[in-house]
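Given next are the chains, with one letter for each unit.
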Amino acid sequence: MFKAIAAKAHIYLADGTVPNPTKDAPGELTGKVDTVLGILAWAGTAAGVAGVLVTGAMMAISMRRGEGSEHMGRLGMVLGGCVLVATAGPLVTFVFA
């Protein structure tokens, strides 16, 4: 099967051009999608801030009680999520634009 695909690949790739499809989405759709993505980005940022606050409060309560706990791992996961939310838009723009 691979040989059959490789045999026909030269027909499509021989001229060296890479397909570049046009962006022809309707304006109404792109406006609504941008609104939804903006709301999701805001919600992700709010969830990250809430996660940092909750983790900090749990760390403070544990320290006050004298309990040792693995809050640094939880804080690392929250901060990693914050970085992912913050860089999602620029990464997609870099890859697809």
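Bear in mind that the values here come from a model prediction, so they are computed numbers and not experimental data.

1. Looking at the overall build of the protein chain
For step 1, the next point in the chain: Helix and strand counts for the protein chain stand at 3 helices and 0 strands.
For step 2, the next point in the chain: Written out in order from the N terminus, the α and β elements of the protein chain read α-α-α.
For step 3, the next point in the chain: Per-residue burial for the protein chain yields a buried fraction of 7% across its 97 residues.
For step 4, the next point in the chain: Split by element, the accessible area of the protein chain, about 8400 Å² in all, is 72% carbon and sulfur.

2. Re the UniProt feature "transmembrane region" (unreviewed entry) in the protein chain
For step 1, the next point in the chain: This chain's UniProt record puts "transmembrane region" (unreviewed entry) on residues 39-63 and 75-96.
For step 2, the next point in the chain: Between the C-alpha atoms that bound residues 39-63 there is a distance of 36 Å. The span itself is 100% helix and 0% strand.
For step 3, the next point in the chain: Segment residues 75-96 splits into 100% helix and 0% strand. End C-alpha atoms: 32 Å apart.

3. Remarks on the side chain of Ser-62
For step 1, the next point in the chain: Turning to its location among the elements, Ser-62 is positioned in helix α2 (residues 27-65).
For step 2, the next point in the chain: The contacts of Ser-62, once residues within four sequence positions are left out, are Glu-67, Ser-69 and His-71.

4. Observations regarding the packing of α2 against helix α3 (residues 71-96)
For step 1, the next point in the chain: One can describe the packing of α2 onto α3 by two numbers: an axis separation of 9 Å at closest approach and a directional angle of 165°. Considered as vectors, α2 and α3 are oriented roughly antiparallel to each other. The handedness of the crossing between α2 and α3 comes out as left-handed. Along the contact surface, α2 presents Ala-41, Gly-44, Thr-45, Gly-48, Gly-51, Val-52, Thr-55, Met-58, Met-59 and Ser-62, while α3 presents His-71, Met-72, Arg-74, Leu-75, Val-78, Leu-79, Cys-82 and Val-85.
For step 2, the next point in the chain: A breakdown of the residues in the contact of α2 with α3 according to their chemical character gives 10 nonpolar, 7 polar and 1 charged.

Reading the values: rules and limits
Residues numbered from 1 in each chain as written. Predicted model: local features only at pLDDT ≥ 70, side-chain atom pairs only at ≥ 80, totals over all residues. Heavy atoms only, no water. Helix = DSSP H or I, 4+ residues; strand = E, 2+ residues; numbered from the N terminus. Buried < 20%, exposed > 50% of the residue type's maximum accessible area, 1.4 Å probe, protein only. Areas by Shrake-Rupley, 256 points an atom, 1.4 Å probe, with all protein chains shown as cover. UniProt positions renumbered as here; feature names shortened; annotations may be inferred. Contact = heavy atoms within 4.5 Å. Axes fitted to C-alpha atoms, helices over the stretch in contact; angles between N-to-C directions. Parallel < 35°, antiparallel > 145°, perpendicular 65-115°, else oblique. Left-handed = near helix turned anticlockwise from the far one by under 90°. Nonpolar A, V, L, I, M, F, W, Y, C, P; charged D, E, K, R; others polar.

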